[in-house]
Amino acid sequence: MSIIDATIRFVKQQLENAEGGHDWFHIERVYKNALLIAEGETCDITVVKLGALLHDIADSKFHNGDEMVGPKTARAFLEGENVSEEIILHIINIIENISFKGGNFEKQFSSKELQIVQDADRLDAIGAIGIARCFNYGGFKNRALYNPNIQPNLNMSKEEYKKSESPTINHFYEKLLLLKDKMNTQTGKNIAAERHRYMENFLSQFYAEWDGEK
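Because the structure is a prediction, the values reported are computed rather than measured. (Residues numbered from 1 in each chain as written. Predicted model: local features only at pLDDT ≥ 70, side-chain atom pairs only at ≥ 80, totals over all residues. Heavy atoms only, no water.)

Details of the side chain of Asn170
Step number 1: Summarising the element assignment, Asn170 is placed in helix H9 (residues 168-174).
Step number 2: Assessed through its relative accessible area of 2%, Asn170 is described here as buried.
Step number 3: Among the polar contacts made by the side chain of Asn170, one reaches the main-chain carbonyl oxygen of Gln151 at a distance of 3.5 Å.
Step number 4: Sequence-distant contacts of Asn170, that is, excluding residues within four places in its chain, are made with Ile150, Gln151 and Pro152. (Helix = DSSP H or I, 4+ residues; strand = E, 2+ residues; numbered from the N terminus. Buried < 20%, exposed > 50% of the residue type's maximum accessible area, 1.4 Å probe, protein only. Polar contact = N/O pair within 3.5 Å; in protein donor to acceptor, adjacent residues only side chain to side chain. Contact = heavy atoms within 4.5 Å.)

Right under this line is the structure:
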């Protein structure tokens, strides 16, 4: 069995009971996005594939905010598969530096492979699926859909962002609508632009319905 096939099997097992926006199907979409983006980039495709498959192996949101669970889980698996230390370190760096974290997180590592996987992950956070995932997670956390009296906070620290319980609509302004301008690759930028417009149209319709205009 190839390392990619073994990783797919491992990730499916690990995320069998995961929340719907961070389950195997999220990983699969990010994986496909990463392969698409990688076609236009010079990169180590094995690192891109492994990074995409393992980037959310243990999201800190579901582990009491512990950001070390994911890297530790990925390392233990890759070591068990006799993957080289060089590749393991690269995958760990991707996992540790991929997240948005309120937009105020300064990456400590950069590589073309990280840029590709990060764009692939961000694409799954916007557009139609991004909207679905946003409301799915809001429901999972029992958050209000929208509260006109609670304004989005665009200046949250990393810790404030992690602990935020603001209405789901606020998350569009605090993260989703910001991602278009944070894409790394040209392919990512092109796809993000279209998905961004879709979200803007959704919000216009949402507010019109909220106000009883349509």
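Details of helix H4 (residues 69-80)
Step number 1: With 12 residues, H4 ought to run about 16 Å at 1.5 Å a step, and its terminal C-alpha atoms sit 17 Å apart, in line with that.
Step number 2: Along H4, the residues classified as buried are Gly70, Pro71, Thr73, Ala74, Phe77 and Leu78. Seen along its axis, H4 keeps its buried residues to an arc of 165°; they face one direction. Exposed residues on H4 whose side chains face more than 90 degrees from its buried face are Lys72, Ala76 and Gly80.
Step number 3: Residues of H4 that are buried in the fold lie against helix H1 (3-14), helix H3 (45-54) and helix H5 (85-97).
Step number 4: Note on H4: the residue one or two positions beyond its end, Asn82, has a positive phi of about 60°. (Expected span 1.5 Å × (residues − 1). Arc of directions from axis to C-beta.)

Focus on the packing of aromatic side chains
Step number 1: For the structure on display, the rule yields 11 aromatic pairs.
Step number 2: Considering the side-chain rings of Phe135 and Phe202, the 6.0 Å spacing of their centres and the 70° angle between planes classify their relative orientation as edge-to-face. Taken together, the positions of Phe135 in helix H7 (residues 127-140) and Phe202 in helix H10 (residues 186-210) put the pair 67 residues apart, joining distant regions of the chain. (Phe/Tyr/Trp six-rings, centres within 6.5 Å; stacked < 30°, edge-to-face > 60°.)

Here's the deal with the packing of helix H2 (residues 24-38) against helix H6 (residues 112-123)
Step number 1: Two elements in contact, H2 and H6, have axes separated by 8 Å at closest approach and are oriented at 130°. The pairing of H2 with H6 is recorded here as oblique in orientation. As for the relative orientation of H2 and H6, their crossing is right-handed in sense. Contacts between H2 and H6 pair His26, Val30, Asn33, Ala34, Ile37 and Ala38 from the former with Ile116, Val117, Asp119, Ala120, Asp121 and Leu123 from the latter. (Axes fitted to C-alpha atoms, helices over the stretch in contact; angles between N-to-C directions. Parallel < 35°, antiparallel > 145°, perpendicular 65-115°, else oblique. Left-handed = near helix turned anticlockwise from the far one by under 90°.)

Regarding the pattern of salt bridges
Oppositely charged side chains may form a pair once their charged atoms are brought near each other.
Step number 1: Enumeration according to the criterion identifies 6 salt bridges in this entry.
Step number 2: Residue Arg133 pairs with Asp124 through a salt bridge whose shortest N-O separation is 3.6 Å. Of the two residues, Arg133 and Asp124, both sit in the buried class.
Step number 3: Across the pair Asp181 and Lys180 runs a salt bridge, and its minimum N-O distance is 3.0 Å.
Step number 4: Residue Asp181 is classed as exposed on the basis of its relative accessible area, which comes to 64%.
Step number 5: Each of Arg29, Asp124 and Arg133 takes part in a single network of salt bridges with overlapping partners. (Salt bridge = Lys/Arg side-chain N within 4 Å of Asp/Glu carboxyl O.)

Focus: H7
Step number 1: Between its first and last C-alpha, H7 extends 20 Å over 14 residues, near the 20 Å set by a 1.5 Å rise per residue.
Step number 2: Within H7, the full set of buried residues consists of Gly127, Gly130, Ile131, Arg133, Cys134, Tyr137 and Gly138. In a view along the axis of H7, the buried residues occupy a sector of 165°, so they form one face of it.
Step number 3: Looking at the packing, one finds that the buried side of H7 touches H2, H9 and H10.
Step number 4: Looking one or two residues past H7, Asn142 carries a phi angle of roughly 60°, positive in sign.

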